[in-house]
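# Examination of the molecular architecture
So the chains spell out like this:
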Amino acid sequence: MENVFKLGSKRASLYSSSTKGINGIWYVALGATLWGLDPLFRILLLKSFSSAQIVFIEHLLLACYALPVLIKYRKSLAGKLTLAIIGALLFISWGGSAIATILFTSAFAHGSANSVLLLQKLQPLFAIVLARLLLKETLPSKFFAYIVMALLGTYLLTFGFASPQMGLKDLGMLSCLFSILAAVLWGGSTVMGKFLLQKNLDFPVVTSLRFLMAIPLLTVVLLVSGDAWHVGGSSGDLTLIAVNLLFQAFFPGLISMLLYYKGLSSTKAFFATLAELAFPAVGVCINWVVFGQKLTVGQLVGFVFIWLTLWLMSRSKGNVSI
């Protein structure tokens, strides 16, 4: 009878872990899906603000959430703020949020869009290497099949069945460097986020610190850029701008990051970085539905590849971080 209870307990434990892993991957994918809604709000805002101004305002709005949460959970940080944890927090807030975005934007000014997008496909590879080195995560037997499917899917989403049609001159030394550095920072942010969650920091706290710690750097960037503020128009225009700022901050911003870190807390970093590919998949669909940019057959195939990969990963026992 004792063996029966042990067997039942073991099965319940396996079921719980499997369910936890499934939820984790889909939380990450759902968070990345909300990032795909970003253009819906940002295009209108870019008519009134610069990119630096939009990001700065977003973080000030997000501070309205982050400060109360940090005050509520401040006792949970007691004795945990080691140099390693502070360094990881600075990496995800300064490196992942601010610097990577600046580098990615600058890459377009020094090379072709195709080369920038192609080099961004390296991001999961950097995350996998860093997760193996820093977190000692072991690769499951089918992981290389997953990464091939995911990278193939993102390539098809970007270029379809056609080749990129670019030469060495299109890459550009600065464009290549900026794109790769951005990919390293974003891939590294996934791993550093996982590191923080493994140190028993609650995901709302990690999310709050990511937003708050970025504000000083964004302030410096805004002052150095010297962008003038041009906000005007009718009361209706100002109301529309305010509504867009709020939705931009709290949907692609806050809610997406809460979902992302909740999923990351129970999912291995290299599975999570592939789940983030839901972002370009949804972005392409948004461009098609809202902005009239038609999908090619190759892009549709890439879309299916990415979501098929997510489904297969969610069924894998090796995705759970215990």
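Structure shown above.
Quick summary incoming for the structure in this document. Computed from a predicted model, the values in this text were never measured in an experiment. (Residues numbered from 1 in each chain as written. Predicted model: local features only at pLDDT ≥ 70, side-chain atom pairs only at ≥ 80, totals over all residues. Heavy atoms only, no water.)

What follows deals with the packing of helix α3 (residues 51–72) against helix α10 (residues 203–225). It is the contact of α3 with α10, at a shortest axis distance of 8 Å, that shows an interaxial angle of 145 degrees. Crossing of α3 against α10: the hand is left-handed. Each residue belonging to the contact of α3 with α10 can be placed in one class, and the counts come to 20 nonpolar, 4 polar and no charged. (Axes fitted to C-alpha atoms, helices over the stretch in contact; angles between N-to-C directions. Helix = DSSP H or I, 4+ residues; strand = E, 2+ residues; numbered from the N terminus. Left-handed = near helix turned anticlockwise from the far one by under 90°. Nonpolar A, V, L, I, M, F, W, Y, C, P; charged D, E, K, R; others polar.)

On the surface, Leu40, Trp288, Val289, Val290 and Phe291 cluster together to form a nonpolar patch covering roughly 460 Å² of accessible area. In this structure, Trp288 sits in helix α13 (residues 278–289). (Patch = residues over 30% accessible without salt bridge, like charges linked within 9 Å, V, L, I, M, F, W, Y side chains within 5 Å. Areas by Shrake-Rupley, 256 points an atom, 1.4 Å probe, with all protein chains shown as cover. Salt bridge = Lys/Arg side-chain N within 4 Å of Asp/Glu carboxyl O.)

Attention now goes to unusual backbone geometry. The phi dihedral of Lys136 is positive, around 60 degrees, even though this residue is not glycine. Look at Lys136 and you get exposed, because its relative accessible area is 58%. Its identity as a non-glycine residue notwithstanding, Asn200 has a phi of 65 degrees, on the positive side. Within the secondary structure layout, Asn200 lies in the loop between α9 (173–198) and α10. Note on Asn200: relative accessible area 58%, which makes it exposed. (Buried < 20%, exposed > 50% of the residue type's maximum accessible area, 1.4 Å probe, protein only.)

Moving on, we come to the nonpolar core. Core analysis: the biggest nonpolar cluster contains 57 residues, and Phe143, Leu196, Tyr261 and Leu274 have the highest contact counts within it. Setting aside its immediate chain neighbours within four residues, Leu274 contacts Pro124, Phe143, Tyr146, Ile147, Ala150, Leu310 and Met313. Formed by 7 residues, the second largest nonpolar core is a distinct cluster that contains Val55, Ala214, Leu218 and Leu222. (Core = buried A, V, L, I, M, F, W, Y, C linked by side-chain atoms within 4.5 Å. Contact = heavy atoms within 4.5 Å.)

Before going further, it helps to examine the environment of Trp26. Summarising the element assignment, Trp26 is placed in helix α1 (residues 2–35). Here Trp26 falls in the partly exposed class, since its relative accessible area comes to 30%. The spatial distance from the C-alpha of Trp26 to the C-alpha of Leu259 is 9.1 Å, given a sequence separation of 233 residues. Once residues within four sequence positions are removed from consideration, Trp26 is found in contact with Trp307, Leu310, Trp311 and Ser314.

The residue Gly187 is located in helix α9 in this model. Sequence-wise, Gly187 and Phe126 are 61 residues apart; in three dimensions their C-alpha atoms are separated by 5.6 Å. Every residue in contact with Gly187, bar those within four places of it in the chain, is listed here: Gln123 and Ala127.

Limitation: the analysis is restricted to geometry and does not speak to function.
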